[in-house]
Amino acid sequence: STISGYVVDEISNSAFYDCAKITRVTLPSTIKKIGSYAFYNCELLTQINLPNSIIEIGSSAFAHCDVIDNIILPQYLTTIESYVFQSCSSLKNIVVPENVTQIKSNAFYYCSNLSEITLHDELLHIGSYAFGGTKYYSSKSNWNDGELYIGNHLVAVDKTINGAYSIKENTKVISERCFYGQNGMTSL
């Protein structure tokens, strides 16, 4: 966990950007922050250990890491930044820790094999298209009467809904742009 006698507590922005041959990363338990674009486009990265000491992961930090198939998010993380896992096409499931209160826009956008998503009820904000392009989003079996919920969170509404629309009781969050482009709805 030390480099030249110094404790490593941060991986800077773009530190390993486009490192095509990295396959596995084990981070020391002293790491608190991973900067934006830190591992962007590390296309052979299959495994990364994210210790619970991490409280911040910057935007696009792991975007386009195509072969990562499993990520366990640190328990003290409070925000999942924009584009952080965009296009991680092998990622199949994600459990959002209970301390996370925000998932920003496009966080898991186009994770085309992401089919299992677990969100907790204390989540306060889901950004636009946070789960767009995922297997969960595109699976018709997850849509019910033109609406897509993940747990108690409304993440999308079909643009073909016409007339009156009622939000389910016990809905905790309505994602950003959930009703964007909705022209047929007359009342809410």
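Everything below is about the structure printed above this text.
Cut-offs used in this document
- Residues numbered from 1 in each chain as written.
- Predicted model: local features only at pLDDT ≥ 70, side-chain atom pairs only at ≥ 80, totals over all residues.
- Heavy atoms only, no water.
- Helix = DSSP H or I, 4+ residues; strand = E, 2+ residues; numbered from the N terminus.
- Rg over C-alpha atoms; globule rule 2.2 N^0.38 Å.
- Buried < 20%, exposed > 50% of the residue type's maximum accessible area, 1.4 Å probe, protein only.
- Contact = heavy atoms within 4.5 Å.
- Areas by Shrake-Rupley, 256 points an atom, 1.4 Å probe, with all protein chains shown as cover.
- Lys, Arg positive; Asp, Glu negative; His and termini not counted.
- Charge placed at Lys NZ, Arg CZ, Asp CG, Glu CD.
- 1 Å grid on protein atoms, 1.4 Å probe; cavity = no way out; pocket = protein on both sides within 12 Å on 5 of 7 lines; lining within 4 Å.
- Points joined across faces, edges and corners; volume = space filled by probe spheres on them.
- Nonpolar A, V, L, I, M, F, W, Y, C, P; charged D, E, K, R; others polar.
- Pairing = 2+ DSSP bridges.
- Phe/Tyr/Trp six-rings, centres within 6.5 Å; stacked < 30°, edge-to-face > 60°.

### Description of the overall build of the protein
Next up, step 1: For the protein, the count of helices and strands is 1 helix and 18 strands.
Next up, step 2: Taken over C-alpha atoms, the radius of gyration comes to 18 Å for the protein, in line with the 16 Å a tight globule of 188 residues would show.
Next up, step 3: Projecting the C-alpha coordinates of the protein onto the three principal axes gives extents of approximately 65 × 30 × 20 Å.
Next up, step 4: Out of the 188 residues in the protein, the part that is buried amounts to 41%.
Next up, step 5: In the protein, 24% of the contacts between residues at least 6 apart in sequence involve partners at least 24 apart.
Next up, step 6: Accessible surface, the protein: about 9,800 Å² in total, of which carbon and sulfur atoms supply 45%.
Next up, step 7: Side-chain charges in the protein split into 12 positive and 17 negative, and the spacing between the mean points of these groups amounts to 4 Å.

### Here's the deal with the layout of surface pockets
Next up, step 1: Looking at the largest pocket, its volume works out to about 220 Å³.
Next up, step 2: What lines the largest pocket is a set of 18 residues, and nearest its centre among them are Tyr 129, Tyr 137, Val 155, Ala 156 and Arg 177.
Next up, step 3: Classifying every residue of the lining of the largest pocket gives 10 nonpolar, 4 polar and 4 charged.

### Some words on the sheet that holds strand β10 (residues 102-103)
Strand pairing in a sheet takes place through backbone hydrogen bonds and is either antiparallel or parallel in direction.
Next up, step 1: Read across the sheet, 3 strands follow the order β8-β10-β12 without closing on themselves; strand pairing throughout is parallel. Looking at strand neighbours, the two that pair on one side only are β8 (79-80) and β12 (125-126), the edges of this open sheet.
Next up, step 2: Pairing of β10 with β12 involves 2 bridges; the strand directions are parallel. Directly across from Ile 103, in β12, lies its bridge partner Ile 126.

### Here we look at the environment of Tyr 109
Next up, step 1: When you line up the elements, Tyr 109 lands in the loop between β10 and β11 (116-118).
Next up, step 2: A residue is classified by how much of its surface remains accessible, and Tyr 109, at 32% relative accessible area, is partly exposed.
Next up, step 3: Separated by 21 residues in sequence, Tyr 109 and Ala 130 have C-alpha atoms that sit 5.6 Å apart.
Next up, step 4: Leaving out residues up to four positions away in the same chain, Tyr 109 has contacts with Gln 86, Ser 87, Tyr 129, Ala 130 and Gly 132.

### Here we look at the sheet that holds strand β5 (residues 33-34)
Next up, step 1: The parallel open sheet is built from 3 strands, whose spatial order is β3-β5-β7. Taken across any chain shown, the strands that pair with only one partner, and hence form the sheet edges, are β3 (10-11) and β7 (56-57).
Next up, step 2: Across 2 bridges, the pairing between β3 and β5 is parallel. Paired with Glu 10 across the bridge in β5 is Lys 33.

### Notes on the pairing of strand β15 (residues 153-157)
Next up, step 1: Most of β15 sits inside the fold, with 5 of its 5 residues counted as buried.
Next up, step 2: Where strand β14 (residues 147-150) and β15 come together, 4 bridges link them in antiparallel fashion. Looking across to β15, one finds that Ile 150 is bridged to His 153.
Next up, step 3: Between β14 and β15, which follow one another and run antiparallel, lie 2 residues, and Gly 151 among them has a positive phi close to 60°.
Next up, step 4: Here β15 pairs with strand β17 (residues 173-174) via 2 bridges, running parallel. Across the sheet, residue His 153 finds its bridge partner in β17, namely Val 173.

### A short note on the packing of aromatic side chains
For any two aromatic rings, the description comes down to two numbers: the centre-to-centre distance and the angle of the planes.
Next up, step 1: Inspection of every chain in the model, using the stated rule, returns 11 aromatic pairs.
Next up, step 2: Ring centres 5.5 Å apart and planes at 5° place the aromatic pair Phe 108 and Phe 131 in the stacked group. Placement of Phe 108 in the loop between β10 and β11 and of Phe 131 in the loop between β12 and α1 (135-138) is noted, with a sequence separation of 23 residues between them. Accessibility assignment for this pair places Phe 108 and Phe 131 in one class, buried.
Next up, step 3: Centroid distance Tyr 137 to Trp 143: 5.5 Å. Interplanar angle 90°. Geometry classified as edge-to-face.
Next up, step 4: Classification of Trp 143 by relative accessible area gives partly exposed; the value is 24%.

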